[in-house]
Amino acid sequence: MIDNIKRHAVFDGSGNQFSSEDGVAHNGGGKKSNSGWPLSHASSKVNRIYYLALAVILVFMGLGLAFILYCSEVSKEDTVGYIQGATQQITFALEQHVKDEFQTLMASATAAEDENPLAESATIRNLIKGMGEYNSYVAIGLADSSGQALWRDIYGRQHHSDMSGEDFIQQALTGKNTLTSPRLDTVSGLEVNYYAVPIYLTGSDKIKGALFVADQEDKLRNIVEHSLYAGLGLAHIINRNGDYVIESKSSLATMVTLGGGIFNLRIPWDTAMEKRIRDDLANGRSGRVEKDFYGQNRLIAYAPLKINDWYVFYAVPENMVSAGLKSLTIGAVVIISVAVALFILFIVLIRQANNQSRQSLETLAFVDPLTQKRNYQKFLLEGTELLRVNKGTRYALCYSDIKGFRYINGLFGRAVGDHLLCYWADFLDEITYPGEVFGRMGADVFVSLRKYRTRQEIEARVAGASSRLAVFPETLARGYKVEAYSGIYVIDDSDEGLSLSAMLDRAISAHKMAKAQDNGDRLRFYSHEMGVQKLWEAEVEAKMEAALEHNEFNIYLQPKIDIQHDDRIMGAEALVRWVSPEKGVIAPKDFIKLFEHNGFIVKLDRFVFEAACRYYNDSVIKCGLPPYVLSVNVSRLSLMQPDFVRIYQNIKERYSIPDKCLELEFTESLVFENHALFRSIVRECQHSGFLCSLDDFGAGYSALNLLRSIHVDVLKLDGLFFQVDDEEERGCKLVENIVSMAKSLGMKTVAEGVHAESMVKQLRAMGCEAVQGNVFAEPMPAEEFQAFVEVWNGYRTAINYII
């Protein structure tokens, strides 16, 4: 998301006036006391008291004034610090907004990889229409490599035009994600920013075109421009030259500037100050200064954005910060002259005023604008303090996110995604006990510091939070089950001196392991081995793109033996191995789960599928051999991609693979994630000439009643059924019944992971069609497979399995 962030912060500066009345008593002169003594002696004593009182009052007044002046300076420094923090928060919000926009466009661009950008195909129309329905873009379009564009305006009208001269199109065609400065959209009359991303040819780095949208300028302005300090603040986005990219609409802007940029003022900058600001802007540094505008001193903060060469620039009036303090100073002098008690009250009121000002600024600095709960910075502060004051209390640190959140945004729209985040944040708040804290780290990530007595108690609380997600009404009504991954780090006495953020890194490692080993248990506790695994994953992620580019991923084939027809080879499964120049052959278990977590699995799936098709074309079709079935695995993420079937069908047709010669293997967990979607994809795959198999049946959450509505061609029985143990006899009976049931439903059965010849005999007697396992052959490099077939089949060149 990530999401559609709107930040609204209003700062109110107000001064409180205090008044007091004091009477002066005058003693009558010339009178005598009853003893006859004149009252001059008593009067002299009173005068001495008056003088003493006056001296005390003056001392207290002086000390009070000095103290107030000191508080004023401290408050001013604190305020400036908070303004800088607020500027950084808004900077982060802008960067996250732009990042989310680019992620949305890049995800959408994959749908056009195999399409002519200018063709008014159903795919292109649906892409443009779908983006328009879920986003309030002013214009949406695609351009080919020559800059010719097909686009749709805000009124739904379609246009063809030459946009080769547009800088954002040209930059996208060079492979850059581009965001422009505001410009006028002549159709709507609105000021817009253009976003553009490249469209690549499937499976290559070649750019075939660009996807672009025009978004209203006000979306960026709304993030940075707030009514700071009673509407007397300024908020701009500027470039490194100080020129306006997005200018504040405040009335103050026209009063203090002549237009064009921050250095074009009616009252010029001090030379040294201007040089300092220009130097900061040129070198990407943030900073703060003070500047007088028409007799009003203003506090100014600026911070760089990771967007083009832009900066956030804020200016707020100093007198709004200090007005209350000046009034309080006058009140303090009066109160001190009346009584020390009121003087103390005055100090209390000062502190209250400071606390109110601090609280307003803390809201911006420490409150997540979407959920209105703590943000990550506030969580770190409060969590660190809890650990400091509650030594001896058992704490666990939990890092959680929502499974497939980016797809929830894509499928249901960002508004639903935002509602889901608020819904979950409210529930986490409900289950936060005294002495605990939680916060939103960003996007769909939440972090919690929880007290516990046993690990089972932690597991139960996390499971309760996940179960609440599963019944989120807006997705539940459409058949989508929302789930969460969680990583937990249990804090112990040996962690003294370890920062909360360092502990969080360990919880994140556990979270990554939960995602990488997604076997139904989406909660993991941190262990030492995870630290070692984290180093390995960092190395793998650093090398994966280059490995794919340099063809280090090779396909291996493992034959499927037809145990009902003389143990002939009836087909094979294409498996992937990473052949690293440094580490040799790396098994899939060491990288597949990581790739599924970071999304690289989609690229790898397509690479392996195309490599399998290429091998089949070279070794079977071009040689005129009888066809056989070649199976290829499909990951969950690949299955969820837009136009998954169309992309795979195009690759199949490119290599002239006959229908029913390619089998797509899906893991059974996909059935439970989205049953209706899985059924639809299986039907579409079969209609496109693919065979479909349900892999690893029995490894996870198998439910036999689901098979009645999942019309797959092949049921692959997981190797767990064929382990030699005390329950082997019961396992055989179960397998026998599954084989019988599959036959009655018109499905073939393949037993995988079989290692014992005795089990092959039992499977043959049960009627299982095929066995895939090391009992016959281990996976082998693709170039060795044909020779193996010839040897296995008695040097025959034909495979005795015709579809």
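Source: prediction; values computed, not measured.

When you go through the protein chain residue by residue, the secondary structure sums to 24 helices and 27 strands. Split into buried and exposed, the 803 residues of the protein chain put 49% on the buried side. A fraction of 64% describes how many contacts in the protein chain between residues 6 or more apart in sequence connect residues 24 or more apart.

On to the pairing of strand S1 (residues 139-144). Among the six residues that make up S1, six are buried, leaving the element largely enclosed by the rest of the structure. Strand direction decides the pairing type here: S1 and strand S7 (residues 207-216), joined by six bridges, are antiparallel. Within S7, the residue paired with Ala 143 across the bridge is Ala 210. Pairing geometry for S1 and strand S2 (residues 148-152), over four bridges, is antiparallel. If you follow Ile 140 over to S2, its bridge partner there is Arg 152.

The next point concerns helix H2 (residues 122-134). The terminal C-alpha atoms of H2, which comprises 13 residues, lie 18 Å apart, in line with the 18 Å expected from a rise of 1.5 Å per residue. Among the residues making up H2, those that are buried are Thr 123, Ile 124, Leu 127, Ile 128 and Met 131. Projected down its long axis, H2 carries its buried residues within an arc of 130°, all on one side. In H2, the exposed residues that point more than 90 degrees away from the buried face are Asn 126 and Glu 133.

Where helix H17 (residues 601-621) meets helix H19 (residues 644-654), the axes come as close as 9 Å, and the angle between the chain directions of the two elements is 25°. The angle between H17 and H19 falls in the class roughly parallel. Seen along the crossing, H17 lies across H19 with a hand that is right-handed. For the pair formed by H17 and H19, the contact residues are Asp 605, Arg 606, Phe 609, Glu 610 and Cys 613 on the first element and Ile 647, Tyr 648, Ile 651, Lys 652 and Arg 654 on the second. A breakdown of the residues in the contact of H17 with H19 according to their chemical character gives five nonpolar, no polar and five charged.

Looking now at the nonpolar core. Core analysis: the biggest nonpolar cluster contains 87 residues, and Phe 553, Phe 595, Phe 644, Phe 666 and Leu 763 have the highest contact counts within it. If one sorts the elements of this core by residue count, H17 sits on top with 11 residues. Once residues within four sequence positions are removed from consideration, Leu 763 is found in contact with Ile 563, Gln 564, Phe 722, Val 735, Ala 751, Val 754, Cys 768 and Val 771. The next biggest cluster of nonpolar side chains, apart from the first, holds 36 residues, and it includes Ile 90, Met 131, Ile 199 and Ile 237.

Relative to the helices and strands, Lys 560 is located in strand S18 (residues 553-562). What makes Lys 560 buried here is its relative accessible area of 6%. Excluding its chain neighbours within four sequence positions, the residues that come into contact with Lys 560 are Arg 568, Ile 569, Met 570, Gly 571, Ala 572, Glu 573, Ser 631, Glu 663, Glu 665, Lys 716, Val 771 and Gln 772.

All right, on to the pairing of strand S14 (residues 437-442) then. Counting buried positions along S14 gives five out of six residues, so the element sits mostly inside the fold. Of the pairings in the sheet, the one linking S14 to strand S15 (residues 445-451) comprises five bridges and is antiparallel in character. Note on S15: the bridge partner recorded for Gly 439 is Val 447. The turn linking S14 back onto S15 is made up of two residues, and Ala 443 within it adopts a positive phi angle of 50°.

This next bit is on unusual backbone geometry. Located in the positive-phi region is Asn 551, a residue other than glycine, with phi close to 60°. Positionally, Asn 551 belongs in the loop between helix H15 (528-549) and S18. We note that Asp 696 has phi near 55°; this positive angle belongs to a residue other than glycine. By the secondary structure assignment, Asp 696 is in strand S23 (residues 691-697). Given the relative accessible area of 24%, Asp 696 is considered partly exposed.

Further remarks concern the environment of Val 367. Relative to the elements of secondary structure, Val 367 occurs in the loop between helix H8 (340-366) and helix H9 (376-389). A relative accessible area of 25% means that Val 367 is categorised as partly exposed.

The subject of this paragraph is helix H6 (residues 271-282). The end-to-end C-alpha distance of H6, which contains 12 residues, comes to 16 Å, matching closely the 16 Å that a straight helix rising 1.5 Å per residue would cover. Within the span of H6, buried status applies to Ile 277, Asp 280 and Leu 281. Relative to the axis of H6, the buried residues are bounded by an arc of 100° and lie together on one face. Within H6, the exposed residues directed more than 90 degrees away from the buried face are Thr 271, Ala 272 and Lys 275. You can read the cap of H6 off the contacts: a side-chain oxygen lies 3.1 Å from the backbone nitrogen of Ala 272, and it is on Asp 270. Immediately downstream of H6, the backbone of Gly 284 shows phi near 70°, a positive value.

This part covers the sheet that holds S15. Read across the sheet, five strands follow the order S14-S15-S13-S16-S17 without closing on themselves; strand pairing throughout is mixed. Single-partner strands in this sheet number two, and they are S14 and strand S17 (523-525). The mean angle between the axes of side-by-side strands here comes to 20°, regardless of whether they run parallel or antiparallel. Running at roughly 150° to S14, H9 makes contact with strand S13 (395-402), S14, S15 and strand S16 (484-491) of the sheet.

This brings us to the packing of aromatic side chains. As enumerated under the stated definition, the model contains 23 aromatic pairs in all. Here Phe 553 and Phe 595 contribute two aromatic rings whose centre-to-centre distance is 6.1 Å and whose plane-to-plane angle is 75°, an arrangement assigned as edge-to-face. Note that Phe 553 is positioned in strand S18 and Phe 595 in helix H16 (residues 592-598), a separation of 42 residues in sequence. Relative accessible area serves as the criterion here: at 2%, Phe 553 is assigned to the buried category.

With that out of the way, let us pick up the side chain of Asp 144. Residue placement: Asp 144 occurs in strand S1. It turns out Asp 144 is buried and unbridged, and the closest side chain with the opposite charge, Lys 208, is 10 Å from it. Residues within four places of Asp 144 in sequence aside, it is in contact with Pro 117, Leu 118, Leu 173, Lys 208 and Gly 209.

The rules behind these values
Residues numbered from 1 in each chain as written. Predicted model: local features only at pLDDT ≥ 70, side-chain atom pairs only at ≥ 80, totals over all residues. Heavy atoms only, no water. Helix = DSSP H or I, 4+ residues; strand = E, 2+ residues; numbered from the N terminus. Buried < 20%, exposed > 50% of the residue type's maximum accessible area, 1.4 Å probe, protein only. Contact = heavy atoms within 4.5 Å. Pairing = 2+ DSSP bridges. Expected span 1.5 Å × (residues − 1). Arc of directions from axis to C-beta. Axes fitted to C-alpha atoms, helices over the stretch in contact; angles between N-to-C directions. Parallel < 35°, antiparallel > 145°, perpendicular 65-115°, else oblique. Left-handed = near helix turned anticlockwise from the far one by under 90°. Nonpolar A, V, L, I, M, F, W, Y, C, P; charged D, E, K, R; others polar. Core = buried A, V, L, I, M, F, W, Y, C linked by side-chain atoms within 4.5 Å. Polar contact = N/O pair within 3.5 Å; in protein donor to acceptor, adjacent residues only side chain to side chain. Phe/Tyr/Trp six-rings, centres within 6.5 Å; stacked < 30°, edge-to-face > 60°. Lys, Arg positive; Asp, Glu negative; His and termini not counted. Salt bridge = Lys/Arg side-chain N within 4 Å of Asp/Glu carboxyl O.

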